[in-house]
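Each chain, letter by letter, is given below.
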Amino acid sequence: MRTNRSDDRVFQNRFLESLTHTHIAVPLTIFYGSGLTLLFLTVFWGIFSAGASIGFFALGLFVFSLVEYLVHRYAFHIEPDSDAKAKFQYAAHGVHHDFPKDKSRLAMPPLVSMALATGFFFLYRLLMGDVGMPFTGGFLAGYAAYLTVHYVVHAYRAPNNMFKILWTHHAIHHHVENDRAFGVSSPLWDVVLGTMPRAKKGKTSVQVKH
Ligand SMILES: [Zn+2]
Ligand SMILES: [Zn+2]
């Protein structure tokens, strides 16, 4: 999958190219903000009790973690067996594997993620009625949490505590086995769906390069 390109341009078109760079603070503000607003409004408007609202919010977070895994595994690492697939794969994710230190390429363009978020909001409202509101809140906060973990893992050195597992897991995905360890916010779905790293214990000391 790696192309090892030295030129980090994704598009020749300057406008499209500019969309490939996103400051992490923008999506974090949008998605923590809108996620928590949906939770707050659910309680404030009396749609559900605070306890039930938080429960549905937590369910949305949990479901997001599965979507994060599936999108990373099946869309971002799609087999580039056609020109269109190769172009999509590189723009969506390949560029991050080639340039993992580029912190402006850890989130999709906010216009794209906001359009997707709106689509998910209406889909979940349709499927779940009122529950869709706090659920979407958790789902969007889950996206922001995933972005936070991904950013922190690439921008800072691993701490000496239990969170170190997130650094090791993602470093294995980048540098050892990029067909394994797809979970970024947690290794949960790699365990459940059988994509934990094959690497021997000794190799797991690999670090995300800074
Ligand atoms: Zn990847
Ligand atoms: Zn990464």
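The structure contained in this document is the topic of the report that follows. One numbering rule holds for all chains: residues counted from 1, following each sequence as written. Chains and ligands are labelled by the order in which they are written, letters from A for the one and numbers from 1 for the other. Side-chain atom pairs in this predicted model are given and counted only at pLDDT of 80 or more, local residue features only at pLDDT of at least 70, and totals for whole chains, interfaces and linings cover all residues. In computing side-chain properties, one takes all heavy atoms of the structure into account and sets aside hydrogens as well as water.

Considerations on the overall build of the protein chain
- Only DSSP runs of H or I reaching four residues or more are called helices, and only runs of E reaching two or more are called strands; each is numbered from the N terminus. Secondary structure assignment for the protein chain yields 8 helices and 0 strands.
- Counting helices and strands in the order they occur from the N terminus, the protein chain gives α-α-α-α-α-α-α-α.
- Its C-alpha atoms give the protein chain a radius of gyration of 18 Å, near enough to 17 Å, the size a compact globule of 210 residues would have.
- Overall, the protein chain is about 55 × 45 × 30 Å in size when its C-alpha atoms are taken along their principal axes.
- Of all 210 residues assigned to the protein chain, the portion counted as buried reaches 40%.
- Contacts are residue-level and defined by heavy atoms, with any inter-residue pair within 4.5 Å sufficient. Across the protein chain, the fraction of contacts at a sequence separation of at least 24, relative to all contacts at a separation of at least 6, is 67%.
- For the protein chain, the exposed area adds up to about 11300 Å²; of that, 67% sits on carbon and sulfur atoms.
- We count Lys and Arg on the positive side and Asp and Glu on the negative side, and we leave His and both chain ends out. To locate a charge, take atom NZ for lysine, CZ for arginine, CG for aspartate or CD for glutamate. Charged side chains in the protein chain number 19 positive and 13 negative. The centres of these two groups are separated by 7 Å. Restricting the calculation to C-alpha atoms gives the radius of gyration, and the globule rule supplies 2.2 Å times the number of residues raised to the power 0.38. A 1.4 Å probe rolled over the protein chains alone gives each residue an accessible area, and that area as a share of the maximum for its type sets the label: buried under 20%, exposed over 50%, partly exposed in between. Under the convention used here, a 1.4 Å probe and the Shrake-Rupley method define accessible areas, while residue burial counts only the protein chains that appear.

Focus on the pattern of salt bridges
- Definition used for salt bridges: Asp or Glu carboxyl oxygen within 4 Å of a side-chain nitrogen of Lys or Arg. Enumeration over the complete set of coordinates arrives at 6 salt bridges.
- A salt bridge links Asp-81 to Lys-85; the nearest nitrogen and oxygen atoms lie 3.0 Å apart.
- Overall, the relative accessible area of 56% leaves Asp-81 in the exposed class.
- Residue Arg-198 is joined to Glu-177 by a salt bridge in which the shortest nitrogen-to-oxygen separation is 2.8 Å. Taken together, the residues Arg-198 in the segment after helix H8 (188-193) and Glu-177 in the loop between helix H7 (164-175) and H8 connect sequence positions 21 residues apart.
- Here Glu-177 falls in the buried class, since its relative accessible area comes to 9%.
- When salt bridges that share partners are traced, they join Glu-177, Asp-179 and Arg-198 into one network.

A closer look at the layout of surface pockets
- For cavity detection a 1 Å grid was placed over the protein atoms alone, and a set of points counts as a cavity when a 1.4 Å probe fits there but cannot get out; an open set counts as a pocket when protein lies on both sides within 12 Å along at least five of seven lines, with lining residues being those that have an atom within 4 Å of a point. Grid points are joined across faces, edges and corners, and a volume is the space filled by probe spheres set on the points. Empty space within the largest pocket amounts to approximately 860 Å³.
- For the largest pocket, the lining is made up of 36 residues, of which Phe-76, Ala-92, Ala-107, Met-108 and Tyr-143 are closest to its centre.
- For the lining of the largest pocket, the elements supplying multiple residues, two or more each, are helix H1 (14-19), helix H3 (50-76), helix H4 (83-98), helix H5 (110-128) and helix H6 (132-155).
- Ten residues, namely Ala, Val, Leu, Ile, Met, Phe, Trp, Tyr, Cys and Pro, are considered nonpolar, four, namely Asp, Glu, Lys and Arg, are considered charged, and the remaining ones, Gly among them, are considered polar. When grouped by side-chain class, the residues that make up the lining of the largest pocket number 28 nonpolar, 6 polar and 2 charged.

With respect to the coordination of the zinc ion (ligand 1)
- Metal sites are built from N, O and S donor atoms within 2.8 Å, or 3.2 Å for Na, K and Ca, and they leave out water, so they may look incomplete. Protein coordination at the zinc ion (ligand 1): the donors are His-72 (NE2), His-77 (NE2), His-93 (NE2), His-97 (NE2) and His-173 (NE2), at 2.0 to 2.2 Å from the metal.
- Look at where the donors of the zinc ion (ligand 1) fall in the sequence and you get H-x4-H-x15-H-x3-H-x75-H. Within this pair, whereas His-72 is found in helix H3, its partner His-93 is found in helix H4, the two being separated by 21 residues in sequence. The burial state of His-72 is the same as that of His-93; both residues are buried.

Quick word on helix H2 (residues 25-44)
- Multiplying one less than the number of residues by 1.5 Å gives the expected span of a helix. End to end, H2 covers 27 Å across 20 residues, agreeing with the expected 28 Å (1.5 Å per residue, within 8%).
- Those residues of H2 that are buried are in contact with H3, H5 and H6.

A look at the coordination of the zinc ion (ligand 2)
- Listed as protein donors to the zinc ion (ligand 2) are His-96 (NE2), His-150 (NE2), His-154 (NE2), His-170 (NE2) and His-174 (NE2); their distances from the metal cover 2.0 to 2.2 Å.
- Mapped onto the sequence, the residues coordinating the zinc ion (ligand 2) show the spacing H-x53-H-x3-H-x15-H-x3-H. One end of the pair, His-154, is in helix H6; the other, His-174, is in helix H7, and 20 residues separate them in sequence.
- Using a relative accessible area of 4% as the deciding quantity, one classes His-154 as buried.

Observations regarding H4
- Spanning 16 residues, H4 covers only 18 Å between terminal C-alpha atoms, well under the ideal 22 Å at 1.5 Å per step.
- Of all the bends in H4, the greatest, near 55°, is centred on Tyr-90.
- Along H4, the positions that sit buried rather than exposed are Gln-89, Tyr-90, His-93, Gly-94, Val-95, His-96, His-97 and Asp-98. In this analysis the local bend is the angle between axes fitted, respectively, to the seven residues ending at and the seven residues starting at the residue.

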